[in-house]
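Architecture and fold: a report
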Amino acid sequence: MAPTRILDGKAIAATVLDECRAEAAHLINLGTVPGLAVVLVGDDPASKVYVGSKVRTCHELGIHSRKIELPAATTQDALLEVVRSLNADSAIHGILVQSPLPPHIDEEAIVRAIDPRKDVDGFHPENVAKLALEDPTGFVPCTPAGCMKLLETAGIDTHGAEAVVIGRSMIVGKPMALLLVSKKANATVTIAHSRSKDLPAICRRADILVAAVGRPEMVKADWVKPGAVVIDVGINRIEDASKKSGFRLVGDVAYEEVAPRCAAITPVPGGVGPMTIAMLMKNTLQAARQQRA
Ligand code: NAD
């Protein structure tokens, strides 16, 4: 078998970010400084890292960013008020409320309060509908959009391929399945989840296997058809005393044993993660462009 291709999300994201930088400069020339607001409630350490890198990437591209940090005790009404004021703010084209939110806040209500034209996460029902309808004016959730961009840039043919997506969340699994089954990608898609029977057998059917579960190294070598393409969305912290932080990141795929069987695989970190941020920047520019029109 040919050596496994490691799909370098960092490098592919860098090319997307170069395009974004050029588009941001173009919009600024036309008199619109693209603006993204990122709202963080509480002090979840992983969320802080994500928000930090989103803001930093905006800065690198010339996109205006506003970080709004609120205490964990923020009420739902207060958060809704923040969202409403961002909806009305013409300097802000994209709004992202970092999840998870504290348990006393109804995440769904917050998502619905975001102006769908500024919903760069693509979680508002109007954007979910547009994804299902394959309407390009909608916003596609960043992580599955990043996975598709990765496949496309790597030249992986999805047409007629058997694709299996493990996970049915609205953030990754379901939109990923919709993108794979779209007329642009034309894969035959199975969505597996926590109640699926004989998950290894379902996975073994896949030419393209996407794991978005949140269980460290769950997908084993004998779940993977030789020559498959494996996209590992999972980001899991596991204890590692040898690291200064006390943990390391692993995916949902047992990388060491699975990689030798695959035609191509994404590493964790450095695979899907960087693509997610790049697609957020792309969505922010789409929002700025559409709000100018
Ligand atoms: P989620 O918890 O919302 O959904 C997990 C899904 O996995 C559920 O649909 C559930 O049915 C399924 N599942 C759970 N246990 C299972 C099992 N034993 N067998 C089969 N299916 C099972 O999670 P999510 O938000 O979709 O995220 C999934 C993973 O992706 C997490 O590790 C998360 O950190 C990661 N993630 C990464 C990025 C990125 O940028 N790379 C972005 C978002 C999420």
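Bear in mind the structure is a predicted one, so any value in this text is a computation, not a measurement.

**Thoughts on the site of the ligand**
Of all residues adjacent to the ligand, which total 21 residues, the nearest are T143, R168, S169, V233 and T276. A distance of 3.4 Å separates a nitrogen atom of the ligand from a polar atom in the side chain of R215. At a separation of 2.7 Å, an oxygen atom of the ligand approaches a polar side-chain atom of T276. Here the ligand, which alone exposes 850 Å², has 73% of that area covered by the protein. A total of three residues in the shell around the ligand trace back to one element, the largest contributor, which is helix α10 (residues 272-292).

**A short note on unusual backbone geometry**
Cis geometry marks the peptide bond from S99 to P100; its omega dihedral reads 5°. Residues V268 and P269 are joined by a peptide bond in cis, for which omega reads -5°. Along the chain, P269 turns up in the loop between β11 (264-265) and α10. Non-glycine residue D198 carries a positive phi angle of around 50°. As for its position among the elements, D198 is in the loop between β6 (188-192) and α8 (199-204). Unusually for a residue other than glycine, E217 sits at a positive phi of about 55°. With respect to the secondary-structure elements, E217 resides in the loop between β7 (208-211) and β8 (229-232).

What counts and how
Residues numbered from 1 in each chain as written. Predicted model: local features only at pLDDT ≥ 70, side-chain atom pairs only at ≥ 80, totals over all residues. Heavy atoms only, no water. Near = heavy atom within 4 Å. Polar contact = N/O pair within 3.5 Å; in protein donor to acceptor, adjacent residues only side chain to side chain. Areas by Shrake-Rupley, 256 points an atom, 1.4 Å probe, with all protein chains shown as cover. Helix = DSSP H or I, 4+ residues; strand = E, 2+ residues; numbered from the N terminus.

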